[in-house]
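# Breakdown of the fold
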Amino acid sequence: METIALIIDNKKISCPPGTSILEAAQQNGIKIPTLCYHPDLKPFGACRLCLVEDENTGRLMASCVTPVAPNMSIRTDSPDIKRHRRNIVRLMMAEHPESCIVCNKGNRCQLRAIAAQLGIGETKLYSMPNYKPLEQANEFIVRDLSKCILCGKCIRADHELVVVGAIDYNHRGFISRPATVHEQPLEKSNCIFCGTCVSLCPTGALSPKTEYYVGTPERESRSVCGFCGVGCSVTMGVVGDQIAEVSPSHVRTSVNGSTLCVRGHFPHEFLKAERLTQPLLRKDGEPAPASWEESLEIVSTRILDIRKQYGPQSVAFIGSSECNNEEAYLFQKIARVLVETNNVDNPRAAYTQAVLRRIDEKTNGRCRKNPLARLENGDAVFILNADPGEMNTVASFYLKRGSRKGVSLVMANPVRTELTAFSSAFLEIRPQSEFELIKGIGALLYEEQATENGCASPEMQQRSLFSDTDLDKVCQAAGVNMDSLKQAANVLRGKKVSVVTGDEIMLAENGAETVNALLELMAMTQSLGKEDTGFYVLAKACNETGAYDMGLLPDALPGRQLLSDDSARKHWEDTWKVRLSPDQGLSAVRMIEEAEKGNLKALYILRENPFEILPDPDRVRKALENLDFMVVQDIFPGELTEMADVVLPGAAFFEKGGSFTNMEGRIQVFEPVVSPPGEARQDWEILGHLTAKLGHSEPYDSVEKIKQEIARVIPMYSEDGRTYGDWIR
Amino acid sequence: MKPKETDWNQLFSIIEKHKHEKWGLIPLLQDIQESFGYIPPDSIEPVAQALNMFPSQVQGVITFYAGFTLKPRGKYVIRCCRGTACHVKGSRSILRLMKKELGLEEGETSEDYQFTLETVACLGACFLAPTMMVNRDYFGKLSPTKVNSVLSQYKKSEKC
């Protein structure tokens, strides 16, 4: 490959053409100070701090925007350059207010760090602070533009990474500032408060709004966000035992890179709400604090008693798709191995998991890994009845960036969303007409292929789904006109198609057929199981995929194996050394029905709220009142914990270790950032103690042990037979 | 007298004209400014949509250039040159006189939308210093009497 040879600080360097001087220097361990440069953003040359000198010509140039050229001889720290840099920073400081003491950015302020690095104390310049009104009416971001140094990182992040365009530079010279349209406050603009700009701001001009001033966090730890299925890598700043700040971890290989959404960035304050801090036992009709030992003893003896008296079918377990993999595995193991029932479910993600299961069956598991990056670099994306912007905001950034780069988006949705403006074709379809619509698009593409080949090949004739479709009927059923349908098909023609959809397609009676049709469409366009396409199912909860993989379902075993599959069941019987019933367990809805009838006696609810998830809360309440024994393991008190016989306080996602499997299929391991409040414990620990009480011989005394077991018994989760980790690097 | 309501049809025909031009934003904005005397803030969104840009970017360009304005301006835009040559020749006094005569500060527009007073860094006619412009007409070698006669000429032309 062609390389360019140059000298930087007397060091001979060669790098590919097009590399900037700054990148070349950084790759070779030469440090050049910067303020406006960020690897995820296009170089901009705004701050001029990265000035370097070409010794041959004596020219000064901003190294971030100057590409390397042959025979350059660059100096990065000659006295002359240092003098220039100092002057630039002095000017910035002269314009900066002297509010460092109360600035949240504190020691993380890059302006302060660079001033110190360059040895600037007093600027010895006439101070001209550029006071701007402090904007803090919105819920999330405090804007103090008097601290702005005009590096443009917020503007570029807004335009390039999240593609919202809420702000841009306004005016010129000294009064120039980032501003929204009509110079409205942020809350009146189209800002989505993703906070990406806040985490990139080098000074205190943008900061997250907090209830109390806490200053610089004492320490920072990495974790994975648990507020949706994308699983963004986050860095949490901790003061004492409180999370003070959350920002994206800025790791390039992570799902989110430098972006994050409003849910991930700001709502950690919810933790300050009242939490469950102590196990509660119902004594004389009233919940009373109890010790862990006593509580778990009661849970295990009561469950075992009920099983003995009424049989294993009288005990059921409702888990959650917000549990991490280790908890989910342990929870279903308790049900299947120790209580010997298949009554285990995670109702929140039922529809998503149904879509995943359908895809898995049809493709033999070849479609399990769908890196979101493919949405940005692919050919075309078909979005069917889904609102990524609302459900998985960070995934929608990929789509919007892709659209800007030339990926064609075709969207079929009952309502217009933010992504409509980015689509090449938009079909406003009737609800639950997805199947018809895909048939229509498929038929149009199929006709084309058939006529191209002269006649339909035998292989194609097999695809009978699209071969004889009445397009007029399709248009009528889907409520779209023929022209827009043809336009949509034209956009997709000849392209590799990725599919983005949500669980709503399963609400239609023919939901399963819709999934089949989507797979057919992908197969026909030769996009199925390819390196640059994917079938993306949006996930609301953080571990919907993982809960499915761990077998937190009444009719599936870990590793996405079916309970009805004899050989799979045999395998798990051998692994766990128990007899497994081939009968499908109760789904959450059936559990409620059985409880109503009085057949279900005991229910263990882990991190789930049946009132929210299941229809008809009154009926659910009556059914739950009918139970003999109910255990609730959760983090917040509520209606459910008031009804429970035993309440076990668990931990929020950043208070425990474990792993989530995100909507891409990426397994992400994380460690606890802070410890759970009061006597609350990590959920795996509670379940681990319970396994011992229920008679499991081997104790689960560390999360590592559960991980190792999962890696050993579920092939999908073993990388080298011992452990698992991120599969996208 | 209030400025006219924005004529949307006219606006959209201007947008349509420049929509497919490469680097069409500035010619488009100039056209709007020419037709309406200013750029109506409500036109930012349609312009942005037509050119596939963010509205904030369009506004950024408008506010960057002194030649574009988002506020309605008077029928006669009076520009007083404050360049070096004019300054030496006493343009400070000329400006003071204009302010007094028009009753306006720099950048202001009279309530009846007849006059807008602006200063510019240089009109490029230093040999005529001190200079001023009214819309597209130059007036050079100004003296207080000449300024008075120029201004009264426009004030008078309004009355009849």
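Residues numbered from 1 in each chain as written. Chains lettered and ligands numbered in written order. Predicted model: local features only at pLDDT ≥ 70, side-chain atom pairs only at ≥ 80, totals over all residues.

### Considerations on the overall build of chain A
Tallying secondary structure elements over chain A gives 26 helices and 28 strands in all. Its C-alpha radius of gyration of 29 Å places chain A within 12% of the 27 Å reference for a compact globule of 729 residues. Principal-axis analysis of the C-alpha atoms places the extent of chain A at approximately 90 × 75 × 50 Å. Across the 729 residues that make up chain A, the buried fraction comes to 50%. Pairs at least 24 apart in sequence give 69% of the contacts found in chain A among residues at least 6 apart. (Helix = DSSP H or I, 4+ residues; strand = E, 2+ residues; numbered from the N terminus. Rg over C-alpha atoms; globule rule 2.2 N^0.38 Å. Buried ≥ 20, exposed ≤ 12 C-beta atoms within 10 Å, placed from the backbone. Contact = placed C-beta atoms within 7 Å.)

### Some points on the interface of chain A and chain B
At the junction of the two partners, chain A supplies 12 residues and chain B supplies 10 residues. The element contributing the most residues to the side of chain A that touches chain B is strand 7 (residues 167–170) of chain A, with four residues. Class assignment for the residues of the side of chain A that touches chain B results in four nonpolar, six polar and two charged. (Nonpolar A, V, L, I, M, F, W, Y, C, P; charged D, E, K, R; others polar.)

### Thoughts on the packing of helix 1 (residues 8–18) of chain B against helix 2 (residues 25–36) of chain B
Residues and elements named next belong to chain B. Direction vectors running N to C along helix 1 and helix 2 enclose 155 degrees, while the axes themselves pass 9 Å from each other. By the angle between their directions, the pair helix 1 and helix 2 is classed as roughly antiparallel. Relative to helix 2, helix 1 is oriented so that their crossing is right-handed. Contacts from Gln10, Leu11, Ile14, Ile15 and His18 in helix 1 reach Pro27, Leu28, Asp31, Ile32 and Ser35 in helix 2. Split by residue class, the contact of helix 1 with helix 2 holds six nonpolar, three polar and one charged. (Axes fitted to C-alpha atoms, helices over the stretch in contact; angles between N-to-C directions. Parallel < 35°, antiparallel > 145°, perpendicular 65-115°, else oblique. Left-handed = near helix turned anticlockwise from the far one by under 90°.)

### Describing the pairing of strand 13 (residues 280–283) of chain A
All names here are of chain A. Here strand 13 pairs with strand 14 (residues 286–289) via four bridges, running antiparallel. The residue bridging Arg282 from the neighbouring strand is Pro287, located in strand 14. A loop of two residues connects strand 13 with strand 14, the two strands running antiparallel in sequence, and Asp284 in this loop sits at a positive phi of about 50 degrees. (Pairing = 2+ DSSP bridges.)

### A word on the sheet that holds strand 16 (residues 344–345) of chain A
Taken together, the seven strands give an open sheet; going across it, the order is 14-13-26-25-24-15-16 (chain A), and neighbouring strands pair in mixed fashion. Where the open sheet ends on each side, the last strands, each with one partner, are strand 14 and strand 16 of chain A.

### Let's talk about the domain arrangement of chain B
Along its sequence, chain B is carved into domain 1 (8–64) and domain 2 (76–159). A C-alpha centroid distance of 29 Å is found between domain 1 of chain B and domain 2 of chain B. (Domains from an automatic or database assignment.)

### What to know about helix 12 (residues 393–405) of chain A
Residue and element names in this part refer to chain A. In a regular helix each residue adds 1.5 Å, so 13 residues correspond to 18 Å; helix 12 covers 19 Å between its end C-alpha atoms and thus fits that length. Of all the residues in helix 12, the buried ones are Thr393, Val394, Ala395, Ser396, Phe397, Tyr398, Leu399, Lys400, Arg401, Gly402 and Ser403. For helix 12, the secondary structure elements touched by its buried residues are helix 4 (153–161), helix 10 (373–377), strand 17 (380–384), helix 11 (388–391) and strand 18 (408–413). (Expected span 1.5 Å × (residues − 1).)

### Some details on unusual backbone geometry
For the peptide bond that leads from Ala129 of chain B to Pro130 of chain B, omega is -10 degrees, which places it in the cis range. Note on placement: Pro130 of chain B falls in the loop between strand 2 (115–120) and strand 3 (132–134). Although it is not a glycine, Val163 of chain A sits at a positive phi angle of roughly 50 degrees. Summarising the element assignment, Val163 of chain A is placed in the loop between helix 4 and strand 7. Overall, the presence of 19 C-beta atoms within 10 Å leaves Val163 of chain A in the partly exposed class. The phi angle at Asn52 of chain B is positive, at roughly 55 degrees, despite the residue not being glycine.

### Topic: the sheet that holds strand 18 of chain A
Residue and element names in this part refer to chain A. Taken together, the five strands give an open sheet; going across it, the order is 19-18-17-20-21, and neighbouring strands pair in parallel fashion. The open sheet has two edge strands with one neighbour each: strand 19 (425–428) and strand 21 (535–537). If you compare each strand with its neighbour and ignore which way they point, the axes differ by 10 degrees on average. Two elements, strand 17 and strand 20 (residues 497–501), share five bridges in a ladder whose sense is parallel. Across the sheet, Leu384 pairs through a bridge with Thr501, a residue of strand 20.

### Focus: the environment of Leu444 of chain A
Residues and elements named next belong to chain A. Along the chain, Leu444 falls in helix 13 (residues 434–452). You can call Leu444 buried: it has 21 C-beta atoms within 10 Å. As for Leu444 and Ser467, which are separated by 23 residues in sequence, their C-alpha atoms are 9.4 Å apart. If sequence neighbours within four positions are ignored, Leu444 has contacts with Leu485, Lys486 and Ala489.

### As for the nonpolar core
Side chains that are nonpolar tend, in soluble globular proteins, to be buried together. The biggest cluster of nonpolar side chains holds 206 residues, and the ones touching the most others in it are Phe331, Leu427, Ile441 and Leu603 of chain A. Considering each element in turn, this core owes the most residues, eight residues, to helix 13 of chain A. In this structure, Ile441 of chain A is in contact with Leu485, Ala488, Ala489, Leu492 and Leu521 of chain A, ignoring residues within four places of it in sequence. Judged by nonpolar contacts, the second largest core, of 16 residues, contains Ile78, Leu95, Phe115 and Leu151 of chain B. (Core = buried A, V, L, I, M, F, W, Y, C linked by C-beta atoms within 7 Å.)

### Thoughts on the UniProt feature "domain: 4Fe-4S His(Cys)3-ligated-type" (unreviewed entry) in chain A
Here the UniProt feature "domain: 4Fe-4S His(Cys)3-ligated-type" (unreviewed entry) sits at residues 80–119 of chain A. With 60% helix and 0% strand, residues 80–119 of chain A has end C-alpha atoms that lie 15 Å from one another. (UniProt positions renumbered as here; feature names shortened; annotations may be inferred.)

### Thoughts on helix 25 (residues 683–693) of chain A
All names here are of chain A. Across the 11 residues that make up helix 25, a large majority, nine, are buried. Residues Asp683, Trp684, Glu685, Ile686, Leu687, Gly688, His689, Leu690 and Thr691 constitute the buried set of helix 25. Contacts made by the buried residues of helix 25 are with helix 7 (292–310), helix 8 (325–338), strand 25 (629–634), strand 26 (646–649), strand 27 (658–661) and helix 26 (703–713). In the stretch just after helix 25, Gly695 is the one whose phi turns positive, near 100 degrees.

### A few points about the environment of Gln57 of chain B
Relative to the assigned elements, Gln57 of chain B resides in helix 4 (residues 55–64). For the pair Gln57 of chain B and Ser43 of chain B, spaced 14 residues apart in sequence, the C-alpha to C-alpha distance is 13 Å. Leaving out residues up to four positions away in the same chain, Gln57 of chain B has contacts with Gly165 and Asp168 of chain A together with Ala48 of chain B.

### Remarks on the environment of Gly231 of chain A
All names here are of chain A. Relative to the assigned elements, Gly231 resides in the loop between strand 10 (219–224) and strand 11 (233–239). Separated by 163 residues in sequence, Gly231 and Val394 have C-alpha atoms that sit 9.4 Å apart. If near-sequence neighbours (up to four positions away) are discounted, Gly231 is found in contact with Val224, Cys225, Val255, Cys542, Phe660, Asn662, Arg666 and Gln668.

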